[in-house]
Number of protein chains: 2
Amino acid sequence: MHKVKIAVAGAGIISQQHLKAAKEVEAVKLVAIADVIREKTEKVACDYGINAYTDYIEMMEVEKPDGIIIALPHFLHKEAAVEAANRGINILLEKPMANIVEECDEIINAVERNRVKLMIGHIVHFSKPIIKIREIIQSNELGKLIMITDTRFNNYFKPERPRWFLDKKQAGGGIVINLGAHSIDAIQYTTCCGIKSVLAKLTYPDEYPGIEGSAQIFLELENGISAVINLNGYTSVKRDEKEYHFERGILKVTGEGLFIARKGQKEFENMNIVRNKQKDMVDQLTEFAASILSGREPSITGQYGKSIIKAIMGVYKSNETGKKIDLAKL
Amino acid sequence: MHKVKIAVAGAGIISQQHLKAAKEVEAVKLVAIADVIREKTEKVACDYGINAYTDYIEMMEVEKPDGIIIALPHFLHKEAAVEAANRGINILLEKPMANIVEECDEIINAVERNRVKLMIGHIVHFSKPIIKIREIIQSNELGKLIMITDTRFNNYFKPERPRWFLDKKQAGGGIVINLGAHSIDAIQYTTCCGIKSVLAKLTYPDEYPGIEGSAQIFLELENGISAVINLNGYTSVKRDEKEYHFERGILKVTGEGLFIARKGQKEFENMNIVRNKQKDMVDQLTEFAASILSGREPSITGQYGKSIIKAIMGVYKSNETGKKIDLAKL
C-alpha cells in the first residue's frame, strides 16, 4: 500500500492525540515533528521513532511530507497553513481554523492557489453519537426538530492549561473559540444547516482580559430553528451535554453516550452509542490520508471551518454591541 | 384571633391547593366557593363545609368576604379582579396576572381606586430553595453571578389539561404564559432585578393555533446578567431545573432540592433544602391574610405581576418579529 508521509507541527496535547491515531492508520507514515520546545519535540520524536525539529518550516523543507498536521497555538494556524500550501503540502488543520475570518480567507486563497488539500480538524464529525443524531434528524423519525441546547462546564483556567490559551492575541479568545467552536460545529453538522444570527452574553475574569470565561449564546439557524449554547469555564464540575428536542421525542448526548426519549416515554433510554475519541482521531486521519491518495476533497473544507469562525466573530461582536448579529451582514 | 373571611373563585386544581392550604392558616375562615360547573363547586363546598355558588359575583354580593382568591381561567382574571376591587374586597390573584399588559393596568387602577389589597400568586417567592438562592446571590458568598439557565420539560398537551388552556383567547398563550411565567418570576425574584430585553423563538403544534409548545428565551437583566429559559411541552420526560452560575460556584435546583458546587468541587453537594408546595401555599395565604389584618401591602404587587406579563408580551413579540425586544420600549 502506498503511504502518505505525514509531519506534525506542534507537540502539545492535541498533537499527541494525532500521533497516537497515526499509528493505527495504515496509509500514514509519520516522518517528523516540530515544536519550539526542543526537549518536548525530541521526547515525542523518540517515542514515535521520527525526526525532531524546532522549526516547522525547516521540517517542511527537509522532510518534504505529503501532508502536515498543524496543531499549533491558534495564532500560528494561518502562517503555518500558508507556508505549507506554498510548498505544495496538504494540510490537516486543527480547529479553530484561525483567530479571525480574514485569516481563514488567507488560508483558503493559499490552498486554492497551490491546489493542495485542506481539511479542518472538526473532530465532532467523526463522533458516533453526533453522526447518529444527524441521521435521526434527516430520517424525520422523531418528527420536526424544534430546538437544541448545548451545555459545557469545564475549568477553563486550570493551572495545566498552556499559557498561550490565556492571551487574546495568541488564542483569539477564550471558552467560545476553544470549546464553543465544537458546540457551533455540532449544531451545524447535525442539522446540515448554517447559522443565520447570534445573540450572546459573555463574561471575562479580571485576570485575563479578552479571555471570556462564560457564554450564553442564542443562535438562529438558516432553517429557523433555534439553539442555545451555555459555556461555563469557572467551575470544576464537568458537563458536556447536548439535547435535541423534536415534536415526537428528545435526543440527549453526554459523556456517557446517546439517549433517546420517544413521545410518551417518561425516561431516556440508552442507545448504547458512545464516543471513542481515539477512534474518531483515527477516522479523521484516515479521511485526510485518503484524500491525498485519491485526490478527493476532504469533507470538512476551509469554507466550513471559516463558517465556524464567522459565527464566533458574531458572538464576540454581539457581546460588544448588545445586538443580535446577522452573520450575512458581518 | 380575628379571622378574615375568604371566598374562592374557581374550583380547578390550583383552587383546591388554595383550599387545602387555607385549612392550615389560622387567620383564615373559608366561607364560599364559586365555579360555573355546579357539580364541581358543590362537591368542593361539601368537602370544605362552605357555601357553593355558580356565579362569583353573586358569591361576593351575598358573602361579602374580606378577601377573594381568584383562580379562574386566565381570561377572567381581569374581570374578576375589577369586580372584587369595586366591591372593596381584597384580592389574591393567581398568576399569570392577566393575558395582556393592558388588563394588568385595569386591575391596578381598580385596586388603587378602591384601596383594596392586591397580591399576585407568584408562589415561587415562597419556595425555600428559591429563597436560599436569593440569599446566596445577595450574600456574594459565591462571588458575582454570571448567568442563569432555567429548563422545564412537561407534557403541556396531556389529555387531562382543561381545554381552555388550549385556546389562545382564554389562556393568553401556551407554555410561556403558563410555565414560563414561573421561570421569569424566579429569575427576577432571585436576582432582585428586572428584565431589560428578550429574544425568543417559539414553536406551535398544528392542532392549537396560538398555543406555543416550546420556547427558547434569551433574557438580559437590567444589571447586564443573561439568562436562558428552555421550555419543551411536547415531551413526557419531566424536568424542572434551574442553574445559577457564579464566579466561584454553581447552584442547581431541581425537584429533588437545592445543590451547590463551590469552586474546586467536582460534584454538586445536596443542601437539603427542598420545596414543599403545600407549605408554600400556606405561607402565601398567611401573608395575604396578614396584609388584610394589618393593612400592610403584600410583597407581590400588581406592578410586579405586570412586569412578568410585560416580559411575556416581549417574548411573543420577539418570536413574531425575529427581533430582540427592549421591554422599556414595548
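Structure first, text after, so check above.
Conventions and cut-offs
- Throughout this description, residue numbers start from 1 for each chain and increase along the sequence as written.
- Numbering of ligands from 1 and lettering of chains from A proceed in the order in which they are written.
- Two thresholds apply to this predicted model, a pLDDT of at least 70 for residue-level local features and 80 or more for giving and counting side-chain atom pairs, whereas whole-chain, interface and lining totals are computed over all residues.
- Hydrogens and water are ignored here; the side-chain numbers use all heavy atoms of the structure.
- For helices, the axis comes from a line fit to the C-alpha atoms of the stretch in contact; other axes are also lines fit to C-alpha atoms, and the angle between any two N-to-C directions lies between 0 and 180 degrees.
- Only DSSP runs of H or I reaching four residues or more are called helices, and only runs of E reaching two or more are called strands; each is numbered from the N terminus.
- When describing relative orientation, an angle under 35 degrees is termed roughly parallel and one over 145 degrees roughly antiparallel, while 65 to 115 degrees is termed roughly perpendicular and anything else oblique.
- Crossing handedness is read from the near helix: turned anticlockwise from the far helix by less than a right angle, it gives a left-handed crossing, and turned clockwise, a right-handed one.
- Residues are treated as being in contact if the distance between any of their heavy atoms lies within 4.5 Å.
- When residue character is reported, Ala, Val, Leu, Ile, Met, Phe, Trp, Tyr, Cys and Pro are called nonpolar, Asp, Glu, Lys and Arg charged, and the others, Gly included, polar.
- Salt bridges are identified by distance alone: a Lys or Arg side-chain nitrogen within 4 Å of an Asp or Glu carboxyl oxygen.
- For the exposure calls, accessible area comes from a 1.4 Å probe over protein chains only, and a residue counts as buried if that area is under 20% of its type's maximum, exposed if over 50%, partly exposed in between.
- Two strands qualify as a pair provided that DSSP identifies no fewer than 2 bridges between them.
- Between N or O atoms, a polar contact is any pair within 3.5 Å; within protein, one atom must be a potential hydrogen donor and the other a potential acceptor, and residues adjacent in sequence are included only when both atoms are from side chains.
- Only residues whose relative accessible area exceeds 30% and that form no salt bridge are eligible for patches; like-charged ones are grouped when within 9 Å, while nonpolar side chains (Val, Leu, Ile, Met, Phe, Trp, Tyr) are grouped when within 5 Å.
- With residues, only the protein chains shown are counted as cover, and all accessible areas are computed by Shrake-Rupley using a 1.4 Å probe.
- Neither His nor the chain ends contribute to the count of charged residues, in which Lys and Arg are positive and Asp and Glu negative.
- By convention, the point assigned to a charge is CZ for Arg, NZ for Lys, CD for Glu and CG for Asp.
- Residues reaching a pLDDT of at least 70 in both copies supply the C-alpha atoms on which the copies are superposed by least squares.
- Side-chain atoms within 4.5 Å link the members of a nonpolar core, which is a set of buried Ala, Val, Leu, Ile, Met, Phe, Trp, Tyr and Cys residues.
- Delimitation of the domains relies on an automatic or database domain assignment.
- Buried area counts how much accessible surface, traced with a 1.4 Å probe, disappears from two parts once they are put together, with both parts' losses summed.

The next thing to look at is the packing of helix H8 (residues 175-191) of chain B against helix H10 (residues 302-321) of chain B. Residue and element names in this part refer to chain B. Where H8 contacts H10, the axes come no closer than 10 Å and their chain directions differ by 120°. Here H8 is positioned oblique relative to H10, judged by the angle of their axes. Taken as a pair, H8 and H10 cross one another with a handedness that is right-handed. Packed against H8, whose contacting residues are Val176, Ile177, Ala181, Ile184, Asp185, Gln188 and Tyr189, the element H10 presents Tyr304, Ser307, Ile308, Ala311, Ile312, Val315 and Tyr316 at the interface. Looking at the contact of H8 with H10 residue by residue, the classes come out as eleven nonpolar, two polar and one charged.

With that settled, consider the pattern of salt bridges. On inspection of all chains with the given rule, the structure shows 34 salt bridges over all chains. Between arginine 87 of chain A and glutamate 83 of chain A there is a salt bridge; the shortest N-O distance is 2.7 Å. Judged by its relative accessible area of 31%, arginine 87 of chain A falls in the partly exposed class. Residue classification places glutamate 83 of chain A among the partly exposed positions, given a relative accessible area of 24%. Among the salt bridges present, the one from glutamate 61 of chain B reaches arginine 87 of chain B, with a minimum N-O distance of 2.7 Å. With glutamate 61 of chain B in helix H3 (residues 56-63) and arginine 87 of chain B in the loop between helix H4 (77-86) and strand E5 (90-94), this pair connects stretches of sequence that are 26 residues apart. Taking relative accessible area as the criterion, glutamate 61 of chain B reaches 38% and is therefore assigned partly exposed. The network of salt bridges with shared partners includes Glu61, Glu83 and Arg87 of chain A.

Hydrogen bonding along the main chain pairs the strands of a sheet, whether they run parallel or antiparallel. All names here are of chain A. On the basis of which strands lie adjacent, the open sheet formed by nine strands has the order E14-E13-E12-E11-E7-E10-E9-E8-E15 and mixed pairing. With one partner strand each, in any of the chains shown, strand E14 (269-270) and strand E15 (325-326) form the two edges of the open sheet. As defined by bridge partners, strand E7 (residues 145-153) adjoins strand E11 (residues 239-246) across eight bridges and the pair is classed as antiparallel. Residue phenylalanine 153 lies in a different strand from E11, and its bridge partner there is arginine 239.

Another aspect to go through is the environment of glutamate 297 of chain A. Residues and elements named next belong to chain A. Along the chain, the position of glutamate 297 falls in the loop between helix H9 (277-294) and helix H10 (302-321). A relative accessible area of 54% means that glutamate 297 is categorised as exposed. Among the polar contacts listed, one links the side chain of glutamate 297 to the side chain of lysine 117, at a separation of 3.0 Å.

Residue and element names in this part refer to chain B. Taken together, the side chains of Lys3, Lys5, Lys29 and Lys64 present a region of like positive charge at the surface. Along the chain, lysine 64 turns up in the loop between H3 and strand E4 (67-70). Residue lysine 64 is classed as exposed on the basis of its relative accessible area of 57%.

Two copies of the chain are present, and they differ by a rotation about an axis and a shift along that axis. With an axial shift of 0.0 Å and an RMSD of 0.0 Å, the rotation relating chain B to chain A amounts to 180°. Here the two chains are linked by the operation of a two-fold rotation axis. Comparing contact sets, 100% of the residues at the interface of chain B also lie at the interface in chain A, consistent with an isologous, same-surface contact.

Turning our attention to the nonpolar core. With 116 residues, the main nonpolar core has Ile91 and Val176 of chain A as its most contacted residues. Considering every element that reaches this core, the biggest residue donor is helix H8 (residues 175-191) of chain A, with nine residues. If you count residues domain by domain, this core takes at least three from each of domain 1 (4-123 + 279-301) and domain 2 (125-275 + 309-329) of chain A. Not counting residues within four places of it along the chain, the set of residues in contact with valine 176 of chain A comprises Ala181, Leu202, Glu212, Ala215, Ile217, Leu231, Ile312, Val315 and Tyr316 of chain A. Counting residues in each nonpolar core, the second largest holds 115 residues, with Ala22, Ala85, Ile91 and Trp164 of chain B among its members.

Looking now at helix H4 (residues 77-86) of chain A. Residues and elements named next belong to chain A. Of all the positions in H4, only His77, Ala80, Ala81, Val82, Ala84 and Ala85 are classed as buried. Looking at the packing, one finds that the buried side of H4 touches helix H3 (56-63), strand E4 (67-70), strand E5 (90-94) and helix H5 (101-114). At the exit of H4 stands glycine 88, carrying a positive phi of roughly 75°.

With 43 residues of chain B at the contact, the number on the chain A side is 43 residues. A buried area of about 3,300 Å², summed over both sides, lies between chain B and chain A, and 59% of it is on carbon and sulfur atoms. If you look at where chain B meets chain A, you find four salt bridges. Put simply, glutamate 243 of chain B and arginine 239 of chain A hold a salt bridge, and the shortest N to O gap is 2.6 Å. At the surface where chain B touches chain A, the tally comes to 14 residue pairs in polar contact (both at pLDDT 80 or more). Secondary-structure elements contributing two or more residues to the side of chain B that touches chain A are strand E7 (145-153), strand E8 (195-203), strand E9 (214-221), strand E10 (226-232), strand E11 (239-246) and strand E12 (249-254) of chain B. Residue composition of the side of chain B that touches chain A, by class: 18 nonpolar, 14 polar and eleven charged.

Our focus in this paragraph is the sheet that holds strand E2 (residues 28-34) of chain B. Residue and element names in this part refer to chain B. As summarised here, the arrangement of the six strands in space is E3-E2-E1-E4-E5-E6, forming an open sheet in which the pairing is parallel. At either end of the open sheet lies a strand with only one pairing partner, and these are strand E3 (51-53) and strand E6 (118-121). Direction aside, neighbouring strands of the sheet carry axes that sit 25° apart on average. Docked against the sheet, helix H1 (residues 13-22) engages strand E1 (4-9), E2, E4 and E5, running at close to 155° with respect to E2. Sitting on the sheet, H3 touches E1, E2, E3 and E4, and the angle it makes with E2 is about 140°.

Take unusual backbone geometry next. Residue and element names in this part refer to chain A. At the junction of lysine 95 and proline 96, the peptide bond is cis and its omega measures out at -10° in the coordinates. Positive phi values are uncommon outside glycine, yet arginine 115 reaches one of about 50°. Mapped onto the elements, arginine 115 comes out in the loop between H5 and strand E6 (118-121). Given a relative accessible area of 77%, arginine 115 falls into the exposed group.

Our next topic: the side chain of glutamate 63 of chain A. Residue and element names in this part refer to chain A. Relative to the assigned elements, glutamate 63 resides in helix H3. Within the buried core, glutamate 63 has no salt-bridge partner, and the shortest N-O distance to an opposite charge, that of lysine 5, equals 5.4 Å. Side-chain polar atoms of glutamate 63 contact the side chain of asparagine 51, separated by 2.7 Å. Those residues in contact with glutamate 63 that lie beyond four places of it in its chain are Lys5, Val31, Ala32, Asn51 and Tyr53.

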